[in-house]
Amino acid sequence: MNEHQHKQTSRHPSLELESLDYLWFQVAGTLCNLMCKHCFISASPTNDAFGLLSLEAVQEKLEESVQYGVKEYYFTGGEPFINEDMIPILRSAMCYGPSTVLTNAIPITQDMAFEMAEIEQESIYSLEFRVSLDGFNAEMNDAIRGKHTFRRTIEAIQRLVKAGFLPIITTVMTWPEHKHEEVMAGFLKTLKDVGYTRPRLKMLPMIKLGGEEQRTGGYTDTEEVTNDMMAGFDTTQLICSNSRVISDKGVHVCPILLNAEDSLLGGTLEEGIKPYKLKHKACYTCYMNGAICSNPSSGSEMLFTEKLESHHE
Amino acid sequence: MNNKPNQYQCIAVFGGVYSNHYALDALLKDGRQRGAEAFFCLGDLGAFGPNPNKVFPLLQKENVQVVQGNYDHSIGNDLNDCQCGYTDPTDNYYAKISYDYTYANTDERWKAWMKELPEELRIDLGSFKMLLCHGSPRKTNEFLWESTTSTHFLEKLCRDYHADAILATHTGLHWSRRLSGNRHFINVGSIGRPANDGRQHVWYAILTADDDQIHVEFIPLEYPYKALAEEMRSERLPDTFIETIESGYWTTCMEVLPGKERKRGKW
């Protein structure tokens, strides 16, 4: 590394893992039943850069996680339910702690939904589903997620609701800011119209990597996290301060940077507990938005330090 | 009776007063009748309810020991946000209405008093080392819900903070879990609004110790909720807040609820 390069990389802060609160499992690797245009890890039916996790591999890490006091478990992909072990995996995980699945829900049959409802009832913990839907009608959603995916996802949401779940409908904000209220209202109406009377919504910022980088051009030169931006910043907002991800290759820093070479920190959780340099453009999205990966029930632990206007004077 | 400072056998612990002075008044009478030697409040004195100043004289009259909640920290330090920790825009919309009203209607002397409250208290209950905090020992506004908090996480908190039992509130819903090594976590719930169960009463906890056990009893507390609702109306607080008091179901700040807790409610 020459002097110039060193100066460039050292501009970025390094973040310690403060506590391992959230353990993620890339249960389906980069394999998915869909090919969404905005997917930041470009998951698809043929992308096997990361493979499926076995039940045994998940169980091993669940057990390893106990000593670290992991608070919640998250399961993602790709599409988790293309992993045929997914229900046994959830049955195991729900003995250890609360579990959340990030899914398009299309592979979930009614019988599977009922079976998972039983798993939740037998546990003291919540089993949450974050179901991806990127529009409140077929035209808006299918343009991003593929033909007929709106209808198929809505039907899957209905199956989850019938089994007693209240799935968190998760949407990437692909619309202009001035249309936000209109879009939110559209989602609520659509979901209520199909029988989901108590819809829960979670809006996500665009992660401009992978498919999304191709779609909209990626990050600009100024979108980065530098040392001087960390003064007074609550680092608990950043997932890399409280989470790690398990893939078939090992322990990664976060689910967003899966494809980044330096995201793989080691083979065991112990090896994965090392500081991470926030040198990727996507780190800027987390910096600006905070708490984007966790559920609303985890809350934002951001502490506000700004005084009321009248006390500035 | 306690023989030395911070040593007790039976205590009453509550949180989330949210300006509900009716419930606080009822609790102080009820707790004494149940044999509580001392009262402990785990914070969030204001929010949601009417006339926040009415709470403080009641706390002082009964020598209630108070932990600072995120709300108390915000009001006491003149911050522009309650630091409730919501991420959903609808939750934050109602939190803002509540915060602006409470801030505008809290006297300066009580703001100064809240600013100086401790972040945690440590006491002995029998032979047990108790840690009293608002959200969690590590973060004032951490949500510890029953269905999204693993047991080994709570056990690690007890280890890290050298406590036999941790008492918290912040979520507004009461629950407890016995941990390995005869340790405990107890969320004492809230007396500011009902527990999203369709009942109008609110909850607090009586804790007693014998030789080698802590006994946790959650007390459903009846109070004149119709009078509270009427006072909220006269203060022009949102109808949806009043609906919560009258129906027993949460109507605002619900997106933060985990699935299991949300399903128990109506909305």
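Residues numbered from 1 in each chain as written. Chains lettered and ligands numbered in written order. Predicted model: local features only at pLDDT ≥ 70, side-chain atom pairs only at ≥ 80, totals over all residues.

Visitor: Please clarify how the overall build of chain A should be interpreted in this entry.
Guide: The helix and strand tally for chain A stands at ten helices and eleven strands. Whereas a compact globule of 313 residues would reach a radius of gyration of roughly 20 Å, chain A reaches 20 Å, a difference of no more than 12%. Oriented by its inertia axes, the alpha-carbon framework of chain A measures out at about 60 × 45 × 45 Å. Across the 313 residues that make up chain A, the buried fraction comes to 47%. (Helix = DSSP H or I, 4+ residues; strand = E, 2+ residues; numbered from the N terminus. Rg over C-alpha atoms; globule rule 2.2 N^0.38 Å. Buried ≥ 20, exposed ≤ 12 C-beta atoms within 10 Å, placed from the backbone.)

Visitor: Can you help me understand the sheet that holds strand β5 (residues 121-125) of chain B in this one?
Guide: Reading across the sheet, the six strands line up as β1-β5-β6-β7-β9-β8 (chain B) and stay open at both edges, with mixed pairing between neighbours. Each edge of the sheet is formed by a strand with only one pairing partner; in this case those strands are β1 (7-8) and β8 (175-179) of chain B. (Pairing = 2+ DSSP bridges.)

Visitor: Sorry if this is basic, but what is going on with helix α2 (residues 55-65) of chain A here?
Guide: Note: α-helices contain 3.6 residues per turn, so residues at a spacing of three or four share the same orientation. Residue and element names in this part refer to chain A. Among all positions in α2, only V58, L62 and S65 are buried. Projected onto a plane normal to the axis of α2, the buried residues spread over an arc of 65 degrees and lie on a single side. Away from the buried face of α2 by more than 90 degrees, exposed residues E56 and E63 are located. (Arc of directions from axis to C-beta.)

Visitor: Would you mind showing me how to read the nonpolar core here?
Guide: In a soluble, globular protein the nonpolar side chains are often hidden away together inside. Residue and element names in this part refer to chain B. By size, the foremost hydrophobic cluster in this structure holds 163 residues, and its most contacted members are V13, C41, L42, I166, L167 and Y204. Of the residues forming this core, the biggest block, seven residues, is contributed by strand β10 (residues 202-209). Leave out the neighbours within four places in its chain, and V13 touches F40, L42, L167, V188, Y204, A205 and L207. (Core = buried A, V, L, I, M, F, W, Y, C linked by C-beta atoms within 7 Å. Contact = placed C-beta atoms within 7 Å.)

Visitor: How should I be thinking about the interface of chain A and chain B in this particular structure?
Guide: By a frequent convention, interface size equals the accessible area lost on bringing the separate parts together. Contact residues are listed per partner, giving 29 residues for chain A and 31 residues for chain B. Here the residues of the side of chain A that touches chain B sort into 13 nonpolar, eight polar and eight charged. (Nonpolar A, V, L, I, M, F, W, Y, C, P; charged D, E, K, R; others polar.)

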